[in-house]
Amino acid sequence: MKPSLILSLVLGGAVAASAALAGGHTGNPAVTARKAHMQLYAHNLGILGGMARGNAEYDAEAASAAAANLAALAQLDQTSYWVPGTDSDALPGESRTLPALWDNIPDAIAKGEELAAAAVALSETAGSGLEAVQAGLGPVGRVCGQCHEAYQMPRN
Amino acid sequence: MARILGMIVVAACVVIAAGWAMTRPATVSEADVAAITPDLEQGRLAFFAAGCASCHAEKGSEGDARLVLKGGVRLETEFGTFVAPNISPHPEAGIGGWSTAEIVTAIMQGTSPGGQHYYPALPYGSYARAELQDLVSLAAFLQTLPPDPTPSQPNELSFPFTLRAGIGAWKLANGGTDWAVDVGEDPQLMRGRYLAETLGHCGECHTPRNATQGLDTARWFAGAPNPSGRGNIPNITPAKLNWSEADIVAYLQTGFTPEFDVAGGSMTSVVQNMANLPVEDLEAIAAYMKAVPPVE
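In this report, we go over the structure that sits alongside the text. (Residues numbered from 1 in each chain as written. Chains lettered and ligands numbered in written order. Predicted model: local features only at pLDDT ≥ 70, side-chain atom pairs only at ≥ 80, totals over all residues.)

## What about the overall build of chain A?
When you go through chain A residue by residue, the secondary structure sums to 6 helices and 0 strands. Walking chain A from its N terminus toward its C terminus, one meets helices and strands in the order α-α-α-α-α-α. Burial analysis of chain A (156 residues in total) assigns 31% to the buried set. Partitioning the intrachain contacts of chain A with sequence separation of at least 6 by distance along the chain shows that 68% fall at a separation of at least 24. (Helix = DSSP H or I, 4+ residues; strand = E, 2+ residues; numbered from the N terminus. Buried ≥ 20, exposed ≤ 12 C-beta atoms within 10 Å, placed from the backbone. Contact = placed C-beta atoms within 7 Å.)

## Considerations on the interface of chain A and chain B
Contact with chain A, which involves 20 residues of that partner, is made by 21 residues of chain B. Elements with a minimum of two residues in the side of chain A that touches chain B: helix H2 (29–52) and helix H6 (130–151) of chain A. Element by element, the count of residues in the side of chain A that touches chain B is highest for H6 of chain A, at 8 residues. Along the lines of polarity and charge, the residues of the side of chain A that touches chain B split into 7 nonpolar, 10 polar and 3 charged. (Nonpolar A, V, L, I, M, F, W, Y, C, P; charged D, E, K, R; others polar.)

## Let's talk about the nonpolar core
Judged by nonpolar contacts, the single largest core of 86 residues is most densely connected at Leu-48, Leu-70 and Val-140 of chain A together with Ile-285 of chain B. The element that contributes the greatest number of residues to this core is H6 of chain A, accounting for 7 residues. With residues up to four places along the chain from it excluded, the contact list for Val-140 of chain A reads Leu-70, Leu-115, Ala-118, Ala-119 and Leu-122 of chain A. (Core = buried A, V, L, I, M, F, W, Y, C linked by C-beta atoms within 7 Å.)

## A closer look at the environment of Ala-108 of chain A
Residue and element names in this part refer to chain A. On the secondary structure map, Ala-108 appears in helix H5 (residues 105–125). Measuring from C-alpha to C-alpha, the distance between Ala-108 and Leu-45 comes to 21 Å, with 63 residues separating the pair along the chain. Sequence-distant contacts of Ala-108, that is, excluding residues within four places in its chain, are made with Leu-101 and Tyr-151.

Shown next as structure tokens:
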């Protein structure tokens, strides 16, 4: 084997290893996707919640946009996020999704559909006034809570 | 685990040697409760503050279903599984045939009408400091709820935790009625402490336990292993929880954290209960939480 080939193999290996290390920082792709998805919910809920709590002035356009985002997010196909082997036992310290979710897939899907329904309902009314935002956020939060109650490990 | 097991066995033996009298289940007398006139609205608020529905209503139930106290919620702990009993006013399956004093005794003293110790999965260690007026009202309110015929299911415990004499020893070791936090004489802080330390029984999950499985008041609210599931219950002392009082109130009303994450685990049910309390009570709890000594 030529020294230059060995060198390129070694270099190639080093590049691959550092890429893998960098990849390690981002964690399991499915868990990362779930967290990103939840973060997008939180961001949009924060816009609506800020108005609902009186921390921000009601803005019909911004409220409509945030609620439409929630509705769109809730209707995304998430099959590739919730893959077996990514529960809190398999990925301790990274995943807070309890193994129970994978024992109750039909229930988890039903809760997802309830969330979509609540978010769509909110998106249809959020532009009509502050009271509608306040009234519509409650059901969204309760569905979030139902799923977290059943399938989420507490944050330490 | 082995150490705790050993201590409980030793404690049980000591108790047997010292005689039954020492651990005789305590009761609240008929005369004590007869002097009090129940107030159903006060009882309703005590019901939500005490979180009865979290264990005695069907898991995950919402709205009026939380008033059907058929039991059945399973608390899976290191000692085995406790199954919450039916406490609906059904005459056979529930507490329909119980006197007010028997109900109050069960809640405050952890003693059944038959004179048996209840396991402290029923948080009577916290409820012991409740005002009799609240509990007499709560007992009256419970009797107004829908009766349900579902029979209570037995606990699934392993030896030696099947020996209820050990509970008498536990009561002796952990029967103190002192407050965990000194809040002085401020009425709002005293109200918040009453709700959080007694009826709300927040410390049962948020405070770590000592060698006798009592609450470690030196580390009040400092977080602890989840008593019924995976993970840990968070430290909510001011050292770790930097939410404003308004944030805490909003969380207890809606479940939304300041970052708009949503409460999960057992807190989901707690929020459903707390949302029924007047905002002044939630503000009192928030003020009290800020007065809890910070523990890292």
